[in-house]
Amino acid sequence: MKTLGWIAINGFREAVRDKVMYSLVAFAVLLIVASYIVGELTAGQDVKITKDLGLSAIGIFGLFMAIFIGIGLVSKEVERRSIYSLLAKPIRRSDLVIGKYLGLVLTLVVNVAVMTAALYLVLAYLGTEESDLARQAREAPLLDPALLKAVGLMLVQLMVVTATALFFSTFSTPILSAVLTFLVYVAGFFSADLRNFDQVVDSRVVQALARGLYYMLPNLASFDVTAQVVHGLPITWRYMAVTTAYGLTYITILLVMSATIFSRRDFK
Amino acid sequence: MNGRSRGSLVLAVAAVILFGGLSIWLQAARDSMPLATSDNETLYVTERAAGRGVFTHRLLAADLYWIRAIQYFGSRSRVARVRQTDPFEPPPSLSLETPVSFDQLYSLLDISTTLDPRFNIAYRFGAIFLAAQYPEGPGRPDLAVALLKKALITSPEKWQYWHDIGFVYYWNRHEYRQASEAFQRGADLPGAPWWLRSLAATTLVRGGDRETSRLLWRQLAETAENEDARHAANIKLMQLDAIDQIERLQTVIDAVAARTKEPVTSWRVLLNAGALRAVPRDPTGEEYRLSSGRVTVSSQSSLFPLPVEPGSSPRP
C-alpha cells in the first residue's frame, strides 16, 4: 500500500512537471473571457451559458489530460529506459501500473477541482451583476451545489478514459494508444444504441453481438448529467451511486488486464 | 509458464469475469433508472442523436446555435429596417431586390431547442422573433406557435408557454377565441398567476381592444425573464401610447383643417393657430412627423414602425 502511494505521488509530481497546470490557467482565462463575451450576445443567458461552457471545458481539458498523460504512463518509462531501474527495485509490476494510474487520477482530481473552483468564481462574479429579473428566471441556483454532481460523474468518466489509455499503452505504441482510446471514447457515447439493436435487426446473432458489445464498451453517456444539472432537474443519489460503482468496476477490469499484460511484457 | 505465473493469470481471468459480471449487473440496474429528459422526435434528429453527434457537449452546441439565431435575426432585422426607412428605396412591389429573408431562423431555433429541449429562452424569445412582422421579423406566427408547442412537449407544466401561445394568437393572428383558450389552458396549470384567467375572459369578450392589448403587454413587461424582453414589451406599450397620442393629434389637425378650409402641412400652422403649444413628441422624445395632414412617428424613432393593432386595418 505504501509502495502504491509512493508511486502515485511520484506520478503526480511528474504530471505537474509536464506543465499540465498551465492548461488550467488557459482554461480559467478562456472561461472568464468567454463568459463576458457571451453575456453580451445571448439575451440574458450568460449564467446558463457559463455553466454549459464551464462544464464542457472541464470535460474537454480533462479528456486531453486523461488521454495524453494516460498513454505516456508506461511508454515514457520504456522510452527513457527508466523502466529497467524501476523493475530492479522491489516493486511488483502490478503495483507500478496501479500506482501510476492513481498518480494520474490524483492529477485529474486536482485539475478538475481547480477548474471547478474557477467555474464557481466566475458564476459568483456574474451573480454580482445579475439583475432581479434574471435571478427570478433562473431554473437552478447560481452557485448550485448540484454542479458538483455533474463534475463528480465527469471525473469518474475521465478515470475510465484514463484506465482505457493505460490499458492500451501497456501493449501498444503511444500514438496507437491515443487513437484507440479516442475511438473507445467515441464508441462509449454511442453504446446505448447497441442496446436497442433488437428493434431494428432481425438476426439473433447480430442482436446478441450488439448486446455483448453494449456491455463490453464503457457507457460513457451515462456519466453525462450536465443537462439535468444546468436545468435544475433531479439526479438521485441512487443514480449517482450506481453510475459511480459501474465506473469503478469498469476501471477495476481495465486495471487488472493492464497489470496482467504489463507483468508479462518482456522489456529485453 | 511456471506455477506461480499460471496462478496469477488464472486469478486475473477470474477477476475480469467477476467484475465483468458486476459491470453488466450495474449497467442493467442503471438502465432501469432513466434520467429526467425528453426523447421527442423532430424533423432533423432526435435529442439523443444530436447529443451524441457532439458527444457530451450538446448544451454548448445548443448555446452556439442560439447565439447564431440571435445574430441572424438581429442582422436580418436591421437590414430590413434600414431598407424600410430608406427614402430612396422603392416600395416592395416595385423593388428589384427581394425582401430580406429570415428563412433560416426557424431551423436555427429548432436545432438549438432539439439539442437542449429545456432551453426556455430559445423558445420564448424565439417565438417573439418568429412572430414579429416584417421588417422586424419574418412574420411567421404559425412557426412561433409550433416552437412553443414543441416546448410544451418537454415542459408541459410551464404556463408561460401557453401564455406566449395566447399572445401570438392575440397580437399576431388576431384570433381571440384561440388566444383565450391558450390563456385558459395556462391558467389551469399549477402555479399560474391569477391574472391569466382574467386575461382569458377579457380576451374572449373584448379581443382587439387597445386596453386589452395594453394589459397584455404590461403583464409581459412585468413577467419578462430578462431585460431585453422587458424592453421589447415597454416599446410596445410606448407604441400603444403613441397611437393614442396620434389619434388625439389627428382630431386637432382635422379640426384646424376644417376651420381654415386648407390642409395642414406643417406643425407651424397648428402652433400659429394656437392649437398646439409646441411640436409634439412621441413617448421616446422624438418629434412626430406631419405629412399631407397625417401624423406618424418619425422613422428615426425607436417606435417606428408602429404595429398594426389587432382589429384595425393596416396603418399607411
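Residues numbered from 1 in each chain as written. Chains lettered and ligands numbered in written order. Predicted model: local features only at pLDDT ≥ 70, side-chain atom pairs only at ≥ 80, totals over all residues. Heavy atoms only, no water.

Draft legend 1. Representation of empty space enclosed by the protein within the structure. Residue and element names in this part refer to chain B. By the definition in use, this model includes six cavities of 30 Å³ or more. Here the second largest cavity is characterised by a volume of approximately 170 Å³. Forming the walls of the second largest cavity are 14 residues, and the residues nearest its centre are R124, I128, D164, L220 and A229. Going through the elements one at a time, helix 5 (120-131) and helix 7 (159-172) are the ones with two or more residues in the lining of the second largest cavity. No other element matches helix 5, which puts five residues into the lining of the second largest cavity. Classifying every residue of the lining of the second largest cavity gives nine nonpolar, two polar and three charged. (1 Å grid on protein atoms, 1.4 Å probe; cavity = no way out; pocket = protein on both sides within 12 Å on 5 of 7 lines; lining within 4 Å. Points joined across faces, edges and corners; volume = space filled by probe spheres on them. Helix = DSSP H or I, 4+ residues; strand = E, 2+ residues; numbered from the N terminus. Nonpolar A, V, L, I, M, F, W, Y, C, P; charged D, E, K, R; others polar.)

Draft legend 2. Inspection of the confidence of the model for chain B at higher detail. Residues and elements named next belong to chain B. A residue-level look at chain B finds 84% of positions with pLDDT of 70 or above and a mean pLDDT of 81. Counting contacts from residues 38-45, a segment whose pLDDT is below 50, to residues more than four positions away or on other chains yields 17 contacts. Model confidence for the complex: the whole-complex pTM is 0.72, and ipTM, which rates the interface, is 0.72. (pLDDT = per-residue confidence, 0-100. Contact = heavy atoms within 4.5 Å.)

Draft legend 3. How the structure looks around the interface of chain A and chain B. The interface is formed by 53 residues belonging to chain A together with 45 residues belonging to chain B. Buried surface at the junction of chain A and chain B, both sides included, amounts to about 4,500 Å², of which 66% is carbon and sulfur. Linking chain A with chain B are three salt bridges, by the criterion used here. Across the pair A:K48 and B:D116 runs a salt bridge, and its minimum N-O distance is 3.1 Å. Mapped by element, the contributors of at least two residues to the side of chain A that touches chain B are helix 2 (20-41), helix 3 (46-70), helix 7 (132-137), helix 9 (174-195), helix 10 (204-216), helix 11 (226-230) and helix 12 (237-264) of chain A. (Buried area = accessible area lost by both parts, 1.4 Å probe. Salt bridge = Lys/Arg side-chain N within 4 Å of Asp/Glu carboxyl O.)

Draft legend 4. Examining the packing of helix 1 (residues 2-17) of chain A against helix 6 (residues 93-129) of chain A more closely. Residue and element names in this part refer to chain A. Here helix 1 crosses helix 6 at 50°, and the two axes come no closer than 7 Å. Taken as axis vectors, helix 1 and helix 6 run oblique relative to one another. When you trace helix 1 past helix 6, the crossing you get is right-handed. Here helix 1 contributes L4, I7, A8, I9, G11, F12, E14 and A15 to the contact with helix 6, which in turn contributes D95, L96, I98, G99, K100, L102, G103, L106, T107 and V110. (Axes fitted to C-alpha atoms, helices over the stretch in contact; angles between N-to-C directions. Parallel < 35°, antiparallel > 145°, perpendicular 65-115°, else oblique. Left-handed = near helix turned anticlockwise from the far one by under 90°.)

Draft legend 5. How the structure looks around the packing of aromatic side chains. Residue and element names in this part refer to chain A. Within the structure shown, the criterion is met by 20 aromatic pairs over all chains. Seen from their ring centres, F64 and F68 are 6.1 Å apart, and the 25° between their planes marks the pair as stacked. In this pair, F64 and F68 are both assigned in helix 3, four residues apart and thus about one turn of the helix distant. With relative accessibility at 51%, the residue F68 sits in the exposed group. Seen in terms of ring centroids, F167 and F168 are 5.4 Å apart; in terms of plane orientation they differ by 50°. Their pairing is tilted. (Phe/Tyr/Trp six-rings, centres within 6.5 Å; stacked < 30°, edge-to-face > 60°. Buried < 20%, exposed > 50% of the residue type's maximum accessible area, 1.4 Å probe, protein only.)

Draft legend 6. Region of interest: the side chain of B:S112. All names here are of chain B. Considering the arrangement of structural elements, one finds S112 in helix 4 (residues 105-115). A relative accessible area of 0% means that S112 is categorised as buried. Within the structure, the side chain of S112 is placed 2.9 Å from the backbone oxygen of A62, a separation counted as a polar contact. Among residues more than four places away in sequence, those in contact with S112 are A62, Y65, W66, F119 and A122. (Polar contact = N/O pair within 3.5 Å; in protein donor to acceptor, adjacent residues only side chain to side chain.)

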